[in-house]
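# Secondary and tertiary structure notes
One-letter residues, chain by chain:
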Amino acid sequence: MTAVLVPPQRQVVLQGVSWATYQSLSRDLEAAPGKRLTYDQGALEIMVPLPPHESYKKLMGRMVEVTTEETNTEIRSLGSTTWSREDLSKGLEPDQCYYIQHEQAVRGKDEIDLTVDPPPDLAIEIDNTSSSLNRMAIYAALGVPEVWRFDGVTLTILALVNGEYCPQAVSTVLPLLRPDTLLRFLQTSQTMGETSWVKAFRQWIREQHRNAH
């Protein structure tokens with residue numbers, strides 16, 4: 001096994017890591033918040049995200065949760081759950097992930113097996129601490145239908161089409177939301193208290209939902 005430090009980010013890439021070792025590390029680090037593992041055919045990246053990363057993932061998660069509350073949409077929130085498939089030799093932890101359209105398929109399940117169960121409908125990927133592995137290709141291999149990706153400047157809603165992610169003008173899983181709207185609220189979060197910001201976003205969603213009906 002060889003290790004490569006990737007400056008200046010707080011991450012390390014290990015080569016020649018077995019599937020069993022990856023699974024063991026995933027379990028061992030479950031209680032260590034802030035660690036993010038990405039595994040792709042023997043390469044394992046361990047990343048410690050910076051504070052802005054954690055803030056943006058929480059804010060984007062709150063936008064999902066407020067939207068589903070105001071539209072009476074049932075969801076299952078699974079945060080940074082590890083998603084992996086041994087047959088593909090791939091795995092990762094999203095920053096946030098949600099079952100929305102397929103919420104009922106996994107309701108109450110303690111163990112979700114992606115070889116038989118559907119993948120999460122939505123994953124959120126904060127990419128201001130760039131991964132050295134191709135996380136989007138792993139999401140595609142796992143079959144995640146939609147990924148919201150924010151790099152600190154640009155926000156893109158990506159839908160899985162024929163095995164590849166394509167930018168979309170509107171979210172498929174939450175059709176009230178568009179990339180420009182999400183980005184605008186992320187920008188205003190920098191100048192508002194979080195409680196006031198959530199209230200403003202909730203009011204905006206209520207107006208959109210009312211106008212849609």
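Residues numbered from 1 in each chain as written. Predicted model: local features only at pLDDT ≥ 70, side-chain atom pairs only at ≥ 80, totals over all residues. Heavy atoms only, no water.

For the protein chain, the count of helices and strands is six helices and twelve strands. Expected size for 213 residues packed as a compact globule is a radius of gyration near 17 Å; at 17 Å, the protein chain falls within 12% of this value. For the protein chain, the spread of C-alpha atoms along the principal axes amounts to about 55 × 40 × 35 Å. Burial analysis of the protein chain (213 residues in total) assigns 45% to the buried set. Contacts spanning at least 24 positions in sequence make up 59% of the contacts within the protein chain whose residues lie at least 6 apart. In the protein chain, 20 positive and 27 negative side-chain charges are present, and the distance between their average locations comes to 5 Å. (Helix = DSSP H or I, 4+ residues; strand = E, 2+ residues; numbered from the N terminus. Rg over C-alpha atoms; globule rule 2.2 N^0.38 Å. Buried < 20%, exposed > 50% of the residue type's maximum accessible area, 1.4 Å probe, protein only. Contact = heavy atoms within 4.5 Å. Lys, Arg positive; Asp, Glu negative; His and termini not counted. Charge placed at Lys NZ, Arg CZ, Asp CG, Glu CD.)

With that settled, consider the environment of Leu182. Mapped onto the fold, Leu182 is located in helix H5 (residues 179-188). C-alpha separation for the pair Leu182 and Leu59, spaced 123 residues apart in sequence, amounts to 9.9 Å. Discounting residues that sit within four places of it in the chain, Leu182 has contacts with Met63, Trp148, Leu155, Ile157 and Leu177.

Counting through the fold element by element, Gln96 comes out in strand S8 (residues 96-99). A polar contact is formed between the side chain of Gln96 and the backbone oxygen of Lys57, at a distance of 3.4 Å. Gln96 has contacts with Lys57, Lys58, Gly61, Gly79, Leu122, Ala123 and Ile124, leaving out every residue within four places of it along the chain. (Polar contact = N/O pair within 3.5 Å; in protein donor to acceptor, adjacent residues only side chain to side chain.)

For the rest of this paragraph, the subject is the pattern of salt bridges. Per the stated rule, a full pass over the model turns up 13 salt bridges. Note that Asp127 is salt-bridged to Arg149, the shortest N-O span being 2.8 Å. Residue Asp127 is located in the loop between strand S9 (122-126) and helix H4 (135-142), and its partner Arg149 is located in strand S10 (residues 146-150); the two are separated by 22 residues in the primary sequence. Note on Asp127: relative accessible area 11%, which makes it buried. Here Arg178 makes a salt bridge to Asp180, at a shortest N to O gap of 3.6 Å. Look at Asp180 and you get partly exposed, because its relative accessible area is 48%. (Salt bridge = Lys/Arg side-chain N within 4 Å of Asp/Glu carboxyl O.)

In this section: the packing of aromatic side chains. Applying the stated rule across the entire model yields nine aromatic pairs. With a centroid separation of 6.3 Å and 15 degrees between ring planes, the pair formed by Trp197 and Phe201 is classed as stacked. Taken together, the residues Trp197 and Phe201, both in helix H6 (residues 194-212) and four residues apart, mark about one turn of the helix. Assessed through its relative accessible area of 1%, Trp197 is described here as buried. Joined through ring pairs, the aromatic side chains of Phe185, Trp197, Phe201 and Trp204 make up one cluster. (Phe/Tyr/Trp six-rings, centres within 6.5 Å; stacked < 30°, edge-to-face > 60°.)

Next up on the list: the nonpolar core. Ranked by internal contacts, the top residues of the largest apolar core, which has 28 residues, are Met60 and Trp148. Looking at this core, the elements that each hand over two or more residues are helix H2 (51-70), S9, S10, strand S11 (155-161), H5 and H6. With six residues, H2 is the largest single contributor of residues to this core. Dropping the residues within four chain positions of it, Met60 is found in contact with Ile124, Ile126, Trp148, Phe150, Leu155 and Leu186. (Core = buried A, V, L, I, M, F, W, Y, C linked by side-chain atoms within 4.5 Å.)

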